[in-house]
Amino acid sequence: MNFIPTDKIFLIGMMGSGKSYWGKKLSERLHFDFIDLDEELVKEEGRDINKIFQESGEQYFRDKETELLNRFIVEKEGFIMATGGGVPCFNNNISLMNNHGITIWLNESPEIIFRRLLPEKIHRPLLKELNNEELFDFILLKLAERKAYYRKAKYIIKSTEITDTFNNNLISL
Ligand code: S3P
């Protein structure tokens, strides 16, 4: 993968797939600005994601995601963005991202996603009520539903290749 400084790069995939972790690393290496869409949304709303879901509902949250995504696309050149796990699956955001930049799906395995999400499910509105078994089932279900959208990414990186791809110059400028 070769990028130029004006590219808008969108990392997509399930919660716990490493979008923020790799997004930060990649942005440092390529000297691109890093944007975490969830963090920007929380900043703008002045309340955390659990609160937004509780007080205003999921549809409000999804529309805010789309609004912010649009704003960055219009106003900013050259960035790497970690998108929330649901972003590509609502409001035709996947087409928007594909039309204006480069999408990369971190196709992490359900087992690894499960291990990463266990200790932090309390912070995520869609997960916090689930016990361990329900959490794993939820991950499988969401992956099955969301694959149709994630698959539209320009690049797909398999679980076993994520570390290698990002660490070993398979991504360059
Ligand atoms: C969500 C993923 C979260 C956050 C919200 C909903 C989802 O983002 O946007 O809790 O629907 O998958 P991360 O994927 O960055 O955890």
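What you see is a predicted model, and the numbers here were worked out from it, not measured in a lab. (Residues numbered from 1 in each chain as written. Predicted model: local features only at pLDDT ≥ 70, side-chain atom pairs only at ≥ 80, totals over all residues. Heavy atoms only, no water.)

Moving on, we come to the side chain of Ser-27. Relative to the elements of secondary structure, Ser-27 occurs in helix 1 (residues 19–30). Excluding anything up to four places from it in sequence, Ser-27 contacts Phe-32, Asp-33, Phe-34 and Ile-80. (Helix = DSSP H or I, 4+ residues; strand = E, 2+ residues; numbered from the N terminus. Contact = heavy atoms within 4.5 Å.)

Turning our eyes to something else, we now look at the sheet that holds strand 2 (residues 33–36). Read from one edge of the open sheet, five strands run 2-3-1-4-5, paired in parallel fashion. Strands at the two margins of the open sheet, each flanked by one partner only, are strand 2 and strand 5 (155–158). Taken pair by pair, the neighbouring strands of this sheet meet at an average axis angle of 20°, ignoring direction. Looking at chain direction, strand 1 (residues 8–12) and strand 3 (residues 79–82) are connected through four bridges and run parallel. Each bridged residue has a counterpart across the sheet, and for Leu-11 the counterpart in strand 3 is Ala-82. Against the sheet, helix 2 (residues 37–45) touches strand 2 and strand 3, its axis set at about 65° to strand 2. (Pairing = 2+ DSSP bridges. Axes fitted to C-alpha atoms, helices over the stretch in contact; angles between N-to-C directions.)

Here the focus is the pairing of strand 4 (residues 102–107). Two faces, one strand: in a regular strand the side chains alternate between the faces of the sheet. Strand 4 sits mainly inside the fold: five of its six residues count as buried. By the bridge criterion, four bridges tie strand 1 to strand 4 in an arrangement that is parallel. The residue of strand 4 that forms the bridge with Ile-12 is Trp-105. Relative to strand 5, strand 4 runs parallel, the two sharing four bridges. Residue pairing in the sheet places Ile-104 in a bridge with Tyr-155 of strand 5. (Buried < 20%, exposed > 50% of the residue type's maximum accessible area, 1.4 Å probe, protein only.)

Turning our attention to the environment of Arg-115. Summarising the element assignment, Arg-115 is placed in helix 6 (residues 110–117). The spacing of Arg-115 and Lys-154 is 39 residues in sequence and 27 Å in space, taken between C-alpha atoms.

The subject of this paragraph is the site of the ligand. What surrounds the ligand is a group of 14 residues, the closest being Lys-19, Asp-38, Arg-62, Arg-124 and Arg-146. Residue Lys-19 places a side-chain N or O atom 2.5 Å away from an oxygen atom belonging to the ligand. In the environment of the ligand, an oxygen atom lies 2.7 Å from a nitrogen or oxygen atom belonging to the side chain of Arg-146. For the ligand, the accessible surface in isolation is 390 Å², of which the surrounding protein chains cover 94%. (Near = heavy atom within 4 Å. Polar contact = N/O pair within 3.5 Å; in protein donor to acceptor, adjacent residues only side chain to side chain. Areas by Shrake-Rupley, 256 points an atom, 1.4 Å probe, with all protein chains shown as cover.)

Bringing the pattern of salt bridges into the picture now. Counted by the stated rule, this structure contains 16 salt bridges. Two residues, Glu-108 and Arg-116, come together in a salt bridge whose shortest N-O distance is 3.7 Å. Under the relative-accessibility criterion, Glu-108 is labelled buried at 7%. On the basis of relative accessibility, which here comes to 36%, the residue Arg-116 falls in the partly exposed class. (Salt bridge = Lys/Arg side-chain N within 4 Å of Asp/Glu carboxyl O.)

If you look at the biggest cluster of nonpolar residues, it comprises 34 residues, and the most contacted ones within it are Leu-69, Met-81 and Ile-139. Counting residues per element, the ones that place at least two in this core are strand 1, helix 2, helix 3 (49–56), helix 4 (58–75), strand 3, helix 5 (93–100), helix 6 and helix 7 (132–150). For Met-81, the residues in contact, after removing those within four places along its chain, are Ile-9, Phe-10, Leu-11, Ile-35, Leu-37, Leu-69 and Phe-72. Ranked by size, the runner-up nonpolar core spans 14 residues in total, among them Phe-3, Ile-9, Phe-32 and Ile-162. (Core = buried A, V, L, I, M, F, W, Y, C linked by side-chain atoms within 4.5 Å.)

Take the side chain of Thr-165 next. Within the secondary structure, Thr-165 is located in helix 8 (residues 162–167). Taking the relative accessible area as the measure of exposure, Thr-165 reaches 7% and is therefore buried. Side-chain polar atoms of Thr-165 contact the backbone oxygen of Glu-161, separated by 2.5 Å.

Just geometry here; none of it tells us what the structure is for.
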